[in-house]
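Spelled out, the chains give:
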Amino acid sequence: ESILSQEGEDPIVLEDTCTLNTDNMDAQSCETSSVASSDSGDLAHLKRHKFTLIKMFCFWSLDRISSTSEHPTDYFPYSQMNSFPVADTNQALRLCLGSKTTGAEFGAVSALSINHDCSRLLCGFAKGQITMWDLANGKLLRTITDAHPPGTAILHVKFTDDPTVAISNDSGGSVFELTFRRVMGMRSCDSRCLFSGSKGEVCCIEPLRAPPDFTDHPIMCYSLLAMASLTKILVIGLKPTLNVWMTFPYTKTDPSSVPHLAWQFVPVQKMVNPILAFCKGDSIHFLLVKKEEVGTIHVIKQRQLHLSCDIISLNWINSCTLVLVDSHEKLHVVDRPSHEVLETQDLEQVQLVYNSQHFKSLATGGNVSQALALVGEKACYQSVSTHAGQIICLGTKSAHIMTLRNWKERLDCLLKQEDFVEALTLAWSFHEGTAKAVVGLPGDPKKRKEAVSDKMAEILLQFAEYALKKCPEQGKIQVMGQHFQDVIPVLVEYCLLLQKVDLLFNQLYPRLLENMAAKGIFLESLETHIVANRLGHLSTAILRDLLAHYHDSGMMDSLERCIVHLDVTNLDIQQICWNNQLYDAVIYIYNRGMNDYITPMEVSSAPRYEDVVMGNKLLVYLSCCLAGRAYPLGDIPEDLVVQVKNQVFEFLIRLHSGNSSQEEVVTFPFIRTLLHFDAREFLNVLAMTFDDFQNDKQALEYQQRIVDILLQLMVDNPDFTPSQVGGLFTFLARQLAKPNNTLFVNRKLFDQVLEFLCCPDDDSRHAERQQVLLELLQVGGVVQFNEEKLFTLAEKAAFYQICEFLYEKKHLYDGIIDCYLKDPLRKAEIFNYIHNLLSMPGYTSEEKNRVRHKVLQHIQVSGIHTNFLIGLTKVGTIYDKILVLRCQ
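Computed from a prediction, not measured in an experiment: that's the story for all the values here. Every residue gets a number counted from 1 within its own chain, in the order that chain's sequence is written. At least 70 in pLDDT is required for a residue's local features to be given in this predicted model, at least 80 for side-chain atom pairs to be given and counted, and no such filter applies to totals for whole chains, interfaces and linings, which use all residues. Only hydrogens and water are set aside when side-chain values are computed; all heavy atoms of the structure are taken into account.

Q: Any details on the overall build of the protein? Residues and values, ideally.
A: Here a strand is any run of E in DSSP of at least two residues, a helix any run of H or I of at least four, and the numbering for each starts at the N terminus. Looking only at helices and strands, one finds 32 helices and 25 strands in the protein. Residue burial in the protein is summarised as follows: out of 888 residues, 52% are buried. For this analysis, residues touch if any pair of their heavy atoms sits within 4.5 Å. Summarising the internal contacts of the protein: among those between residues at least 6 apart in sequence, 57% fall at separations of at least 24. Burial classes follow relative accessibility: with a 1.4 Å probe on protein chains only, a residue under 20% of its type's maximum area counts as buried, one over 50% as exposed, and anything between as partly exposed.

See the structure below:
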């Protein structure tokens, strides 16, 4: 692929590779398709720009070739040409081959072919003769008059890779192999018919010729030849013996459509093999041809391309790009992998030469079939050719060249238009290898990226200078801001994509400092990339500018988002962060800059219960430290995970703060502060942490110590509400219910909490105390209590939901009815409960009968209540309806 991507070694030298002849070009030719993929690179967050539609070709007329003759009309028009000039790559005339005498005898030249080393030229003539010339000295080497039947014109004559073998095709539709010999100084030519026109006229031939670097390709030993008749394609091998490898019939097409063939070596699936492109009409087919291990040829049909035009010429420029000419003489540049038409250009000014008179064999009496003559109306086989990224077109008055611009020229065209954004977008597609029809870049990805990267650095510097030069000198600050907003984010984006941080900060930033608006937008443009972890280190000077700008602009939240993604080991900015309550940034600086995970907790856990933001962040930070995660993102280095966890536990169980005086009486200040801030969430943090404590003796010791401290601080402490105390014992009940539990909690403490929650003399927070006890029982705390004592205390405290819990545990559903009837808050729900109980499966008849009995008992004791009877009619079975009637 690297070899195939390189430019040819000997293109025609042109004077001005950036001049564009736009004369006689229509609007369509000036507005061409995008030449680069619109989604190349990671540019999703950049503002989308529509591609400027640019010319991929430069166009020249080779007037100097014809002007070197005293009588240019001797050479043109092509249809009457019987002698012809041979020019070098500088358009200087070197030879003039043939003469009017030759022309009178042989007719006009109808076909040309040059061998690989440019030492020999084959010429076919309208009256059927073939001549061979020495291009070094202009000497006529051979005149072949008997290679094919008389009375037919030569349509094609082509050298193969073997310099002693050529192929010719005449207007009778036959194909011949010409073998050149030289014995004892005598030159001769043997002719062998490969295909007879009586079996279907061939009007196009194309031998497979390998580039210099692929002459040893395994396929070349077969000397493949493709032939196109009016009805089908054939691929034959001339060596080691004549063999037909493939036939491919056309689909139904216009009889006047011209068949075309073109070979090209193409990298496919890490292998380079030839692809045959052929067309007739508006469809191009691609056939991959490769040699199998067993020695046979395998032909694989590829995806075909459909165009809305009739193709009259087909050529490859390189392994990815084809050039087509349609019947309206419009040239189309097509990308083979994507089938995208990259550019369209009108060739009307060229005035293409057609082979019509030769296909009709007018010089020999016009003895051709009607079908071949019809195809000849559009035939221009000898008039369009490609070489080294150039398209050579033969017109009636001059030869013309369209050169595919190399990658630098395409960028320079955009830069001359001051379209820097499009130039950078196109350059990035070159860098990533997604651009199409690329000429001049190395095939090796590393070398390609180096070349493009250097060019992009130049463009970025030019773009910055342009932006400063074009900046409005007067006007609102918003206008200046918008001006730089269209430039600076693009500069930052591409510098980071190219990993050119030195260019960004050492060259671009110093230039932009000249304008305060530009400086501010530059610093703000860094945020997106810092937060995305694409830019992790800033120099001290840049970081100070960033802090100052965000601080002065009041963008403290944005500043904090940046700080927690930066390497801040060399900058002391804690005070700025503290003063502006950037808690995440403070924690990040201590952790990453100093490997200090305790100081943020010491400072932030001072008794400031009203600071909800700090408190919540502290709880999350504590959870992260104990779980081995960095705050606010990432992970703690593996070698520090255990150390940090132990340090945090030691911090929590300190008896006094680090700066305590001898008079300090508050014990365990850090745990106390967290409990007062949000006891439930603190206990949740501990619960998640304790879940990971298995087979870790040190951690289990910390676990027991923290539980002991919690009990010491919260039990019998009026500073904590029943809900908080109940939450503690709910937390403990969950821990004790674990199968591998190692915690020890004195059972008397549970009894003490039970009496505290069930105190009948305390009417405050009745619902809260009952709910806390219920949650404690539901998580397994019931095993910690004597059930009889629990039931007695619950009844005295009017905790009917607790009683219901215990009744249901023993399947005493009639007792539950009493609970509903006694509970003023839930009395109205009794009917739903009875209905569910009597109608749902799973309950025994005995249990249901006890419920019915309880209902009758209630009626006898309390009397008949209308609402109660109405409720009963909605429940139970037919038996229950009879029960209601009895009550009535």
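Q: Break down the sheet that holds strand 13 (residues 224-229) for me, citing the residues and quoting the values.
A: Between any two strands, pairing holds if DSSP finds at least two bridges. The strand order 12-13-14-15 describes an open sheet built from four strands, whose pairing is antiparallel. Among the strands making up the open sheet, the edge pair consists of strand 12 (202-207) and strand 15 (243-249). On average, adjacent strands in this sheet sit at an angle of 20° to one another, irrespective of strand direction. Of the pairings in the sheet, the one linking strand 12 to strand 13 comprises five bridges and is antiparallel in character. Residue pairing across strands places Cys204 opposite Ala228, the latter belonging to strand 13. Lines fitted to C-alpha atoms define the axes here, with helix axes fitted over just the stretch in contact, and angles between the N-to-C directions of these axes take values from 0 to 180 degrees.

Q: Report on unusual backbone geometry, specifying residues and quantitative values.
A: In this structure, Pro240 follows Lys239 across a cis peptide bond, with omega equal to -10°. With respect to the element layout, Pro240 can be found in the loop between strand 14 (232-237) and strand 15. In the segment running from Tyr631 into Pro632, the intervening peptide bond is cis, with an omega of 0°. Positive phi values are uncommon outside glycine, yet Ser361 reaches one of about 50°. Phi angles above zero are rare outside glycine, and Asn533 is one such case at about 60°. Here Asn533 shows up in the loop between helix 13 (516-531) and helix 14 (540-552). Since its relative accessible area comes to 52%, Asn533 is described here as exposed.

Q: I'd like to hear about the nonpolar core, residue by residue, with values.
A: Each nonpolar core is a collection of buried residues, namely Ala, Val, Leu, Ile, Met, Phe, Trp, Tyr and Cys, held together in the definition by side-chain atoms within 4.5 Å. Leu710, Phe729, Phe731 and Leu773 are the most contacted members of the largest nonpolar core, which totals 81 residues. The dominant element in this core, judged by the number of residues it contributes, is helix 21 (residues 669-690), at twelve residues. Setting aside anything within four residues of it in sequence, one finds Phe731 in contact with Leu683, Leu686, Ala687, Phe690, Val707 and Leu710.

Q: Give me the lowdown on the packing of aromatic side chains, citing residues and values where you can.
A: Stacked, edge-to-face and tilted labels apply to pairs of Phe, Tyr and Trp rings (six-membered ring for Trp) whose centres lie within 6.5 Å, assigned for plane angles under 30 degrees, over 60, and everything in between, in that order. Summed over all chains, the structure comprises 18 aromatic pairs. Pairwise contacts between aromatic rings join Phe420, Phe463 and Tyr466 into one cluster.

Q: Which residues make up the side chain of Ser283, and what are the values?
A: With respect to the secondary-structure elements, Ser283 resides in strand 17 (residues 271-291). With a relative accessible area of 12%, Ser283 lands in the buried category. Within the structure, Ser283 has its side chain in polar contact with the side chain of Asp282 (distance 3.3 Å). A distance of 2.8 Å separates a polar atom in the side chain of Ser283 from a polar atom in the side chain of His306. Sequence-distant contacts of Ser283, defined by excluding residues within four places in its chain, comprise Phe278, Gln304, Leu305 and His306. Under the rule applied, a polar contact is a pair of N or O atoms within 3.5 Å (in protein, one hydrogen donor and one hydrogen acceptor; residues adjacent in sequence only if both atoms are side-chain atoms).

Q: I'd love a proper account of the sheet that holds strand 10 (residues 175-183), names of residues and values included.
A: Spatially, 8-9-10-11 is the arrangement adopted by the four strands of the open sheet, whose pairing is antiparallel. The sheet terminates laterally at strand 8 (154-159) and strand 11 (186-195), the two strands that pair on one side only. Each adjacent strand pair in this sheet contributes to an overall mean axis angle of 25°, direction not counted. Sheet analysis places strand 9 (residues 165-170) next to strand 10, joined by five bridges and oriented antiparallel. Residue Asn169 lies in a different strand from strand 10, and its bridge partner there is Val175.

Q: An account of helix 24 (residues 747-757) is requested, with residue identities and associated values reported.
A: For helix 24, the complete set of buried residues consists of Leu749, Phe750, Val753, Leu754 and Leu757. The arc that holds every buried residue of helix 24, seen down its axis, measures 145°, which confines them to one face. Tucked into the core, helix 24 has its buried residues touching helix 22 (697-714), helix 23 (722-736), helix 25 (766-778) and helix 26 (787-796). This arc is built from the directions going out from the helix axis to the C-beta atoms.

Q: If you had to explain the pattern of salt bridges to someone new, which residues and values would you point to?
A: The working definition used for a salt bridge is a side-chain nitrogen of Lys or Arg within 4 Å of a carboxyl oxygen of Asp or Glu. Considering all chains together, one arrives at 17 salt bridges under this definition. With a shortest N-O distance of 3.2 Å, Asp162 and Lys239 are connected by a salt bridge. Separated by 77 residues along the polypeptide, Asp162 in the loop between strand 8 and strand 9 and Lys239 in the loop between strand 14 and strand 15 bring together distant segments of the chain. For Asp162, a relative accessible area of 22% puts it in the partly exposed group. Here Asp190 and Arg181 are joined by a salt bridge, their closest N and O atoms 2.5 Å apart. Judged by its relative accessible area of 41%, Arg181 is partly exposed. By sharing partners, the salt bridges in this structure join Asp412, Lys455 and Glu458 into a single network.

Q: I'd like to hear about the packing of helix 13 against helix 14, residue by residue, with values.
A: Packing of helix 13 against helix 14 leaves a shortest axis separation of 10 Å and a crossing angle of 100°. Judged by the inter-axis angle, helix 13 sits roughly perpendicular to helix 14. Of helix 14, the residues touching helix 13 (which contributes Lys519, Gly520, Leu523, Glu524, Leu526, Glu527 and Ile530) are Ile542, Asp545, Leu546, His549 and Tyr550. Here the residues of the contact of helix 13 with helix 14 sort into six nonpolar, two polar and four charged. These descriptions rest on fixed angle ranges, namely under 35 degrees for roughly parallel, over 145 for roughly antiparallel, 65 to 115 for roughly perpendicular, and the rest for oblique. For this classification, Asp, Glu, Lys and Arg are treated as charged, while Ala, Val, Leu, Ile, Met, Phe, Trp, Tyr, Cys and Pro are nonpolar and the rest, including Gly, are polar.

Q: An account of the pairing of strand 21 (residues 330-335) is needed here, citing residue identities and associated values.
A: The buried fraction of strand 21 is high, at six of six residues. Residue alternation in strand 21 divides its side chains into two sets, Lys330, His332 and Val334 and Leu331, Val333 and Asp335, and both sets are buried. Bridge count for strand 20 (residues 321-326) against strand 21 is five bridges, and the pairing is antiparallel. Bridge pairing links Val323 to Val333 in strand 21. Two successive antiparallel strands, strand 20 and strand 21, enclose a turn made up of three residues, where Glu329 displays a positive phi of approximately 60°.

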